[in-house]
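Observations on the three-dimensional arrangement
As a plain string of letters, each chain reads:
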Amino acid sequence: MKILFYNHTGKVSGAERMLELTLAGLDRSRFKSIVLCPKDGPLVEMVRGFGVRTEICPELQLRFTLRLDLLIKYLVSFWTVLSKVRSTVVEVDPDVVHANSIRAGLVATAATLGLGTHVVWHLHDLLPRHPFSTAIRAFAVLFARTRMIAVSQAVADNFAGKFFSLRKRVSVILNGIELDRFKQVAGKRNAIRKELQLDETDFVIGIVGLLTPRKGQLALLRNFPRVLEQVPHAKCLIVGGAVFNKDEQYAELLRKTVAESGISDRVHFLGSRADVPAIMQSLDLLVMNSSVEPFGLVIVEAMACGTPVLAAISGGIPEIIQHSRTGWLIKQGNDRLLVDSIINLAESLETRQLIATRAREHALNTFSSSRYLRDLELFYQATAPVTQDQPEVLAQSEAAKLAF
Ligand code: GLC
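Report on the accompanying structure. (Residues numbered from 1 in each chain as written. Predicted model: local features only at pLDDT ≥ 70, side-chain atom pairs only at ≥ 80, totals over all residues. Heavy atoms only, no water.)

1. Concerning the pattern of salt bridges
Condition: Only one rule defines a salt bridge in this text: a Lys or Arg side-chain nitrogen within 4 Å of an Asp or Glu carboxyl oxygen. Runs of E in the DSSP output that reach at least two residues are strands. Runs of H or I that reach at least four are helices, and both are numbered from the N terminus.
Applying the stated criterion across every chain, the model contains 19 salt bridges. Of the charged contacts in the structure, one is a salt bridge between R371 and D375, with a shortest N-O distance of 3.2 Å. Taken together, the residues span about one helical turn, with R371 and D375 both in helix α16 (residues 369-383) at a distance of 4 residues. Salt bridges sharing common partners tie together R189, R193, E200 and D284.

If you want it as structure tokens, here you go:
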């Protein structure tokens, strides 16, 4: 089966990391991957590294706005990208176009008008409350040849909204990770603590992810002085970079907040790091404080590392963590609760160890890349038409067929 992956941006965040895992792991004897993406950003090199055929298209400029000048600019961009996607589809003739975002799904569906191509929208985002979100749902309803993969049930429900006919077309495939990369390695914790100049006695919390407002680093930093009053040996690592449009300003605000509260010696900005598994293993607690989190890959990664997680409830997170069993969940946006929970967990090594042990087991059982890839392969088989050379695989795909 031939699959054309279309990614609307060349930058790399969670959705692209899932694409990376997919390209690396799909069974090449049954699935031939081709990627179409912009050349700006690290994605294209990553894809080429897998020896996968890569086609280049312009970067899509498309955001929620009601400003007329911007709308016109976005329409022009949409049209330019659409032409390239269409010509690539005509040339490649894939069995499935796998569009790796809602935006990519819109383009890929419009670009294949009249071609009858199967288009899969991989939903990594939650649609905000906006008139355009309803328009996107209505657009999806119109095209019966589209199928959706949602990274969590929360994303599936959000996408379908009040359009009940869409529900049948959305399948939930929870993300997976390469568990081996996050395996605990003896001595790693100490080595990385040494490198980062952290004392063995420091209580180290970390927040890992893009520096962007929805990830909630600002609230964590604003409240960190209150944590320090009770836990003076606490330290906070901020891991991640500013990747998208206005995020550099936000990163600046984070640095200013730290400097103004006089806690510069207790907070370290590490930027984007290639050694996230090692850093996670040096943490006593991973904090996830997002206001919008469709899934939360970082949580699963921390779980696999054996690092306890404290997370604000949002999007798909309650589908990963069971409160007080496999992590600690708190209401989103409640500063006091955030501070108190960090302090309580700092004071209870036993609770941290208990949830971390159960979480690790849960991650190993539920979030492996092999489980993810198996679900995905069954999904493709059920989505694309029957072909002569894969009858045995189709026989196994009953579970996936039920989703349709
Ligand atoms: C997006 C989402 C994140 C999810 C990732 C992978 O980056 O914001 O929650 O984990 O995609 O699906």
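2. Description of the packing of helix α5 (residues 131-142) against helix α6 (residues 153-160)
We count it as follows: Between the N-to-C directions of two axes lies an angle of 0 to 180 degrees, each axis being a line fitted to C-alpha atoms and, for a helix, fitted only over the stretch in contact. An angle below 35 degrees is read as roughly parallel, one above 145 as roughly antiparallel, one from 65 to 115 as roughly perpendicular, and any other as oblique. Note on definitions: a residue-residue contact is assigned when non-hydrogen atoms from the two residues lie within 4.5 Å.
Following both chains from N to C, one finds α5 and α6 inclined at 90 degrees, their axes separated by 9 Å at the closest point. Taken as axis vectors, α5 and α6 run roughly perpendicular relative to one another. Residues I136, R137 and A140 of α5 form the contact with α6, whose own contacting residues are N158, F159 and A160.

3. Focus on the site of the ligand
Cut-off, in case you're wondering: We call a residue near a molecule or strand as soon as one heavy atom of that residue lies within 4 Å of the molecule or strand. Each polar contact in these results corresponds to two N or O atoms within 3.5 Å; when the atoms are within protein, one needs to be able to donate a hydrogen and the other to accept it, and residues that are neighboring in sequence are counted only if both atoms are side-chain atoms. Polar here means any residue outside two lists: the nonpolar Ala, Val, Leu, Ile, Met, Phe, Trp, Tyr, Cys and Pro, and the charged Asp, Glu, Lys and Arg; Gly therefore counts as polar.
Close contacts around the ligand come from G14, A15, M18, H124, V151, N175, R214, E293, P294, F295, G296 and L297, and that covers them all. A distance of 2.9 Å separates an oxygen atom of the ligand from a polar atom in the side chain of R214. At 3.0 Å from an oxygen atom of the ligand is found a main-chain nitrogen or oxygen belonging to F295. Here the shell around the ligand gets 3 residues from one element, more than from any other, and that element is helix α1 (residues 14-25). When grouped by side-chain class, the residues that make up the shell around the ligand number 6 nonpolar, 4 polar and 2 charged.

4. Quick look at a positive patch on the surface
Convention followed: Patch criteria: residues need more than 30% relative accessible area and no salt bridge. Like-charged residues are merged within 9 Å; nonpolar side chains of Val, Leu, Ile, Met, Phe, Trp and Tyr are merged within 5 Å. Using a 1.4 Å probe, the Shrake-Rupley method yields the accessible areas, and only the shown protein chains count as cover for residues. Here Asp and Glu are counted as negative and Lys and Arg as positive; His is not counted, and neither are the chain ends. Where a charge lies is defined by one atom per residue type: Lys uses NZ, Arg uses CZ, Asp uses CG and Glu uses CD. In this scheme, a residue with accessible area under 20% of its type's maximum is buried, one over 50% is exposed, and one in between is partly exposed, where area comes from a 1.4 Å probe on protein chains only.
A cluster of basic side chains, namely R63, K73, R103 and K246, defines a positive patch on the protein surface. Tracing the backbone shows K73 in helix α3 (residues 68-92). Taking relative accessible area as the criterion, K73 reaches 45% and is therefore assigned partly exposed.

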